Amino acid sequence: MSKVEMTVNGRSVSGDVEDRTLLVHFLREHLGLTGTHVGCDTSQCGACVVHVDGKAVKSCTMLAAQAARAEVTTIEGLAAGGELHPVQAAFKEHHGLQCGFCTPGMIMAAVDMINRHSGKLDEKTVRAELEGNICRCTGYHNIVKAVLAATEQMGGAAKVAAE
Ligand code: FES
């Protein structure tokens, strides 16, 4: 066992974990932040995406110890001042979810994507960027619409390809 300390959603946290403890299990089981989901545990589905030092990471691929002293943001930390983050609001507005299991990971991946592309995204790029996030319900169409709408909302340029 070793002690890990990190900042999660702006709060300093610590815990004694086994060396093999994955970040996702630390978040869910030690901190009770169950908004981060586990779909596959093998780095394929993207349900577990969180931000570590501002970058999207599949938290089932990272040990809790590797996130020591990092700034971690989970889906629970995205809304601010009682307001949904623009990406969360866009998923709600554009029906970007059905069962909701993939949604936290999709949203965390989308926020990172919009930030990395300086708010300039087109449909093809959004679809390519989301290839690491699997949704078994919606066929992705409304998810892509939501990401493009959020991009505009956040002051960027979004282009929807002709269908
Ligand atoms: Fe991490 Fe599926 S649970 S990628």
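Residues numbered from 1 in each chain as written. Predicted model: local features only at pLDDT ≥ 70, side-chain atom pairs only at ≥ 80, totals over all residues. Heavy atoms only, no water.

(A) Inspection of the pairing of strand S2 (residues 11-17) at higher detail. The sheet contact formed by strand S1 (residues 2-8) and S2 spans 7 bridges and is antiparallel. Each bridged residue has a counterpart across the sheet, and for Met6 the counterpart in S2 is Val13. Where S1 folds back onto S2 in an antiparallel hairpin, the turn is made up of 2 residues, including Asn9, whose phi is positive at roughly 50 degrees. (Pairing = 2+ DSSP bridges. Helix = DSSP H or I, 4+ residues; strand = E, 2+ residues; numbered from the N terminus.)

(B) Structural detail: the sheet that holds strand S5 (residues 71-73). Spatially, S2-S1-S5-S3-S4 is the arrangement adopted by the 5 strands of the open sheet, whose pairing is mixed. Looking at strand neighbours, the two that pair on one side only are S2 and strand S4 (55-58), the edges of this open sheet. When the angles between neighbouring strand axes are averaged without regard to direction, this sheet yields 40 degrees. The sheet contacts of helix H1 (residues 23-30) involve S1, S2, strand S3 (49-52) and S5, and relative to S2 the element is tilted by about 105 degrees. Lying on the sheet, helix H3 (residues 103-116) is in contact with S3, S4 and S5; it crosses S3 at an angle near 40 degrees. (Axes fitted to C-alpha atoms, helices over the stretch in contact; angles between N-to-C directions. Contact = heavy atoms within 4.5 Å.)

(C) Representation of unusual backbone geometry within the structure. Positioned with a positive phi, Asn9 is a non-glycine residue whose angle comes to about 50 degrees. Mapped onto the secondary structure, Asn9 falls in the loop between S1 and S2. Positive phi, close to 70 degrees, is recorded for Ser43, a residue that is not glycine. By the secondary structure assignment, Ser43 is in the loop between H1 and S3.

(D) Quick peek at the pattern of salt bridges. This model, assessed by the stated rule, comprises 4 salt bridges. Here Arg20 makes a salt bridge to Glu18, at a shortest N to O gap of 2.8 Å. By relative accessible area, Arg20 is classed as exposed at 65%. The structure contains a network of salt bridges with shared partners spanning Asp112, Arg116 and Glu129. (Salt bridge = Lys/Arg side-chain N within 4 Å of Asp/Glu carboxyl O. Buried < 20%, exposed > 50% of the residue type's maximum accessible area, 1.4 Å probe, protein only.)

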